[in-house]
Amino acid sequence: MTTMPKLLNLRVILGGGVVLIVALAGLLAPHLAPLPPNQQDLLNILAPPVWAGGGADHLLGTDSLGRDTLSRLIWGARTAMIVALTASVGAALLGCVFAHLAGYFGGWVDWLIARVIEIWLSFPPVILSMLLVIGMGIGIEKVILAIILVDWTRFARVLRGEVQMTSRSDYVLFARIIGQGHLRILAREVFPAVLPMLVTLFSMQMGIAIVVEAILSFVSMGVPAGTNAWGQMIADARIDIYTAPWGVVLPILAIFISVFSFNLLGDGLRDALDPRARSRTA
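One structure accompanies this document, and this report is about it. (Residues numbered from 1 in each chain as written. Predicted model: local features only at pLDDT ≥ 70, side-chain atom pairs only at ≥ 80, totals over all residues. Heavy atoms only, no water.)

1. A few points about the pattern of salt bridges
Then step 1. Using the criterion set out here, one finds eight salt bridges in the structure.
Then step 2. Here Asp110 ties to Arg160 by a salt bridge, and the two come within 2.5 Å at their closest N and O atoms. One end of the pair, Asp110, is in helix H4 (residues 107–121); the other, Arg160, is in helix H6 (residues 140–167), and 50 residues separate them in sequence.
Then step 3. Two residues, Asp151 and Arg154, come together in a salt bridge whose shortest N-O distance is 3.2 Å. (Salt bridge = Lys/Arg side-chain N within 4 Å of Asp/Glu carboxyl O. Helix = DSSP H or I, 4+ residues; strand = E, 2+ residues; numbered from the N terminus.)

2. Some remarks on a nonpolar patch on the surface
Then step 1. A contiguous nonpolar patch, built from Leu20, Leu24, Leu27, Leu28 and Leu32 and spanning about 460 Å² of accessible area, is present on the exposed surface.
Then step 2. Sorting elements by how many residues they give to the nonpolar patch places helix H1 (residues 3–27) first, with three residues.
Then step 3. Its place among the elements puts Leu24 in helix H1. (Patch = residues over 30% accessible without salt bridge, like charges linked within 9 Å, V, L, I, M, F, W, Y side chains within 5 Å. Areas by Shrake-Rupley, 256 points an atom, 1.4 Å probe, with all protein chains shown as cover.)

3. Some words on the environment of Ala156
Then step 1. Considering the arrangement of structural elements, one finds Ala156 in helix H6.
Then step 2. Between the C-alpha atom of Ala156 and that of Val97, which follows or precedes it by 59 residues, the distance is 7.8 Å.

4. Here we look at helix H3 (residues 69–105)
Along an α-helix, residues three or four apart share an orientation, since each turn contains 3.6 residues.
Then step 1. In this model H3 runs 53 Å from its N-terminal to its C-terminal C-alpha over 37 residues, within 8% of the 54 Å that 1.5 Å per residue would give.
Then step 2. One or two residues past the end of H3 sits Gly106, with phi positive at roughly 65°. (Expected span 1.5 Å × (residues − 1).)

5. Some remarks on unusual backbone geometry
Then step 1. For Leu46, which is not a glycine, the phi torsion comes out positive at approximately 55°.
Then step 2. Relative to the helices and strands, Leu46 is located in the loop between helix H2 (29–32) and H3.
Then step 3. You will see that Ser220, though not glycine, has its phi angle at about 60°, which is positive.
Then step 4. Within the fold, Ser220 resides in the loop between helix H8 (182–218) and helix H9 (230–237).

6. Concerning H4
Then step 1. With 15 residues, H4 should reach 21 Å at 1.5 Å per residue; the first-to-last C-alpha distance of 21 Å fits that figure.
Then step 2. Among all positions in H4, only Val109, Asp110, Ile113, Ala114 and Ile117 are buried. Along the axis of H4, the buried residues cluster in a sector spanning 120°; they form a single face. Residues of H4 that are exposed and point more than 90 degrees away from the buried face comprise Trp108, Trp111 and Ile119.
Then step 3. Each element contacted by the buried residues of H4 is listed here: H3 and H6. (Buried < 20%, exposed > 50% of the residue type's maximum accessible area, 1.4 Å probe, protein only. Arc of directions from axis to C-beta. Contact = heavy atoms within 4.5 Å.)

7. A word on the nonpolar core
Then step 1. Membership of the largest hydrophobic core comes to 40 residues, with the highest contact counts inside it found for Leu73, Ile147, Ile210, Leu216, Trp230, Ile255 and Phe262.
Then step 2. The element contributing the most residues to this core is helix H10 (residues 246–273), with eight residues.
Then step 3. Leaving out residues up to four positions away in the same chain, Leu216 has contacts with Met130, Val133, Val143, Met221 and Gly222.
Then step 4. Within the second largest apolar cluster, 17 residues are counted, among which are Ala91, Val163, Met197 and Leu201. (Core = buried A, V, L, I, M, F, W, Y, C linked by side-chain atoms within 4.5 Å.)

8. A short note on empty space enclosed by the protein
Then step 1. Under the criterion given, the structure shown has one cavity of 30 Å³ or more.
Then step 2. A volume near 120 Å³ is recorded for the largest cavity.
Then step 3. When residues of the lining of the largest cavity are traced back to their parent elements, those giving at least two are H3, H9 and H10.
Then step 4. Broken down by element, the residue count for the lining of the largest cavity peaks at three residues, all from H9.
Then step 5. Class assignment for the residues of the lining of the largest cavity results in five nonpolar, four polar and four charged. (1 Å grid on protein atoms, 1.4 Å probe; cavity = no way out; pocket = protein on both sides within 12 Å on 5 of 7 lines; lining within 4 Å. Points joined across faces, edges and corners; volume = space filled by probe spheres on them. Nonpolar A, V, L, I, M, F, W, Y, C, P; charged D, E, K, R; others polar.)

9. Some remarks on the packing of helix H5 (residues 125–136) against H6
Then step 1. The contact between H5 and H6 brings their axes to 9 Å, and the two run at 135°. In terms of orientation, H5 lies oblique with respect to H6. Crossing handedness for the pair H5 and H6: right-handed. Seen from H5, the contacting residues are Pro125, Leu128, Ser129, Leu132, Val133 and Met136; seen from H6, they are Lys142, Leu145, Ala146, Leu149 and Val150.
Then step 2. Across the contact of H5 with H6, the residue classes break down as nine nonpolar, one polar and one charged. (Axes fitted to C-alpha atoms, helices over the stretch in contact; angles between N-to-C directions. Parallel < 35°, antiparallel > 145°, perpendicular 65-115°, else oblique. Left-handed = near helix turned anticlockwise from the far one by under 90°.)

10. Describing the layout of surface pockets
Take a probe with the size of a water molecule and roll it over the atoms, and the empty space left behind shows itself.
Then step 1. As a volume, the largest pocket reaches approximately 340 Å³.
Then step 2. Val22, Leu73, Ala77, Trp230 and Ala254 are the residues nearest the centre of the largest pocket, which is lined by 15 residues in total.
Then step 3. No other element matches H10, which puts five residues into the lining of the largest pocket.
Then step 4. For the lining of the largest pocket, the residue count by class is 14 nonpolar, one polar and no charged.

Read these as spatial facts, not as claims about activity.
Pasting the structure below:
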């Protein structure tokens, strides 16, 4: 009986700890980065990391323009966290509103919203994000808006079922009988019941947003020139992958660790906050 809670706590602690480190690195990037991320040193290009014989002035080496890799990774964490947090909040808000409307009122409202979700989900998410960015233009705010417009359906589809199940519960039916208004019931009875699932989806959505932003930056459809991003680092270093593989490996590793940590945190929060998840795990 004590093994499971310890395991759940471990998942939350490990995932949340790494997420906190990445978030702090992005927040404190101007103070943590040893050098300006776009400062070029053409006399010291493709320097290896310190463990491969490089100097201590560039701990993780340099790229093809002599820019410090560690500094670019730290500033890339800022870009990733800004996009992940902002886009996830927007997608969660939009999806949560439509999920509550569809799941609570049902009828033609549910039918209409469900059909919109099905049509929207028929498009590949990354391709749809690219099409939206092409239409809106390049920029970090455009990337955020594209992720919101694509990924709100993920929240709406999952939360809709939770709202439907909660709306049929006895305490919600009793609230209707005694004359409470729809808005009051949604705010005080339905929303708290679906909050654990919302928290889980939000955590996992942040990892998805990091991947989407990296893909868009890799194909030069994400952040503008001069803004450091992990996907952009991979695109810049792929030409020299055989002579300087660390330029590709390090940003990929940063993306993998960040996304894995968000997923680990989401799984731990789901099992910790949702009694039904705990019972299934047991």
